[in-house]
Each structure stands twice: as C-alpha cells, then as structure tokens.
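# Descriptive structure summary
Below, each chain spelled out in residue letters.
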Amino acid sequence: MAGQVVHVGMADLKVVHCPDRLRSVGLGSCVGVALWDPQTKVAGLVHIMLPSAEGFTDATRAKFADTGVDWLVEMMQQNGARVERLRAKMAGGAQMFTFAGKNDLLKIGPRNVDACRRALAKWGIPMVGEDVGGSTGRTIELHSEDGRLWVRTVRGGQIVL
C-alpha cells in the first residue's frame, strides 16, 4: 500500500488515514508534532512556528504550540482516534542562528520544543520519539500504517523514530 503523500506547510495541520503519509519540510526552529493512533492508523501532523498565541489575534491555530497541539488532538478525535491511544513524536526546534547575549526570547527553537512538550503533557500523550535541537533544518515524513517518523537533515543524515 503506497498511499499518497500529503504536504503539511508552515503553520499548517493535516490528518490522514492509512496508507497515506504526511510530509513537512523546512523545520528549522519550527517543530513538527506527529500523533498516531495504532488501532485506527490515523496520523496527524502540525507544523508549529511559535510557542504561544498570546498577543496574536489573526493567525491560524496551527502556528502556535499552545493552540496547534490542541487543534491536532481535536482533529485526530474527529477522525476516529482516541486520546488514550495516541503516541507522539517530534522533530525540529533547532537554534538556527547565534545571537550575542543570553536573551531567551530569541531562542525560538528550544522554546517551541518546551511548549510542545507542555501541550502534549496536558493531554497525557506520551512522547515516544524525538529528534530536536541542534542547528540544522529537517524534513519529516509520518507513515500512518506504522507510526514511523522519518527525519532527514539538511546535511544529509536520516533517522527513523
């Protein structure tokens, strides 16, 4: 079963059923949060750009960790998944640029990772794999048939979570 590859853009969210796959490119400081239900084989992916929607009024919910993860869980449920069966994997959150000083506000990648972890913990969803941090961009592909998350780096490395 090959299925189709569904693209998840920046500040975007998609949910698919087996045998389809989800792909997101351009994960630098952004974080891809992948959810999978092993019973229904429903898979979902959100491309998070920023940790919090606080102070923003006109942006999509998928853009932020604090609203995007919630929306992803809701969409997974609407497609037959159950929260207690969901498993999470995450990739991205790189520190793409170095800044003089110690201003944590500029450390978007690590802040995105922390915010995604908090959002998943709120739902009680276990993190079963992650490839986060560093200083290189990533492309990810989530396979709905078995929950594998392929992570490819800009420098040519590849791992499977």
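Summarised in this report is the structure supplied together with it. (Residues numbered from 1 in each chain as written. Predicted model: local features only at pLDDT ≥ 70, side-chain atom pairs only at ≥ 80, totals over all residues. Heavy atoms only, no water.)

### Observations regarding the pattern of salt bridges
To keep things clear, this is the line we draw: One speaks of a salt bridge when a side-chain nitrogen belonging to Lys or Arg is within 4 Å of a carboxyl oxygen belonging to Asp or Glu. Burial classes: relative accessible area under 20% of the type maximum marks a residue as buried, over 50% as exposed, and values in between as partly exposed (1.4 Å probe, protein chains only).
In total, this model carries 12 salt bridges according to the counting rule given. Between Arg82 and Glu84 there is a salt bridge; the shortest N-O distance is 2.5 Å. With its nearest N and O atoms 3.0 Å apart, the salt bridge here joins Asp131 to Arg138. Across this residue pair, the class does not change: Asp131 and Arg138 are buried. Connected through salt bridges with shared partners, the residues Arg21, Arg23 and Glu141 form a single ionic network.

### Observations concerning helix α1 (residues 65-78)
Each full turn of the α-helix corresponds to 3.6 residues, which orients residues three or four apart in the same direction. To keep things clear, this is the line we draw: Secondary structure counts use DSSP, requiring at least four H or I residues in a row for a helix and at least two E residues in a row for a strand, with both numbered from the N terminus. Here the expected length of a helix is defined as 1.5 Å per residue gap, with one fewer gap than residues. When checking whether two residues touch, look at their non-hydrogen atoms; a contact exists if any pair is within 4.5 Å.
If you check α1, its first and last C-alpha atoms are 20 Å apart, about what 14 residues at 1.5 Å a residue would give, namely 20 Å. Among all positions in α1, only Ala65, Gly68, Val69, Asp70, Leu72, Val73 and Met76 are buried. Considering only its buried residues, α1 is in contact with β2 (13-17), β4 (31-37), β5 (42-48) and α2 (108-123). Just downstream of α1 lies Gly80, where phi reads positive at about 100°.

### Quick word on the pairing of strand β3 (residues 21-27)
Put simply, the test is: Two strands qualify as a pair provided DSSP detects at least 2 bridges between them.
Judged from the three bridges that link them, strand β1 (residues 5-7) and β3 form a sheet pairing that is parallel. Looking at the pairing, Val6 lines up with Leu22 of β3. Both β3 and strand β8 (residues 138-143) contribute to a ladder of five bridges, which runs antiparallel. Bridge pairing links Arg21 to His143 in β8.

### Comments concerning the sheet that holds strand β9 (residues 149-153)
This is how the line gets drawn: Lines fitted to C-alpha atoms define the axes here, with helix axes fitted over just the stretch in contact, and angles between the N-to-C directions of these axes take values from 0 to 180 degrees.
Across the sheet, which stays open at both edges, the five strands sit in the order β1-β3-β8-β9-β10 with mixed pairing between neighbours. This sheet does not close on itself; its edge strands, each paired only once, are β1 and β10 (158-160). Averaged over all pairs of adjacent strands, the angle between strand axes in this sheet comes to 20°, irrespective of strand direction. Pairing of β8 with β9, which is carried by five bridges, proceeds in the antiparallel orientation. Residue pairing for β9: Thr139 is matched across the bridge by Arg152.

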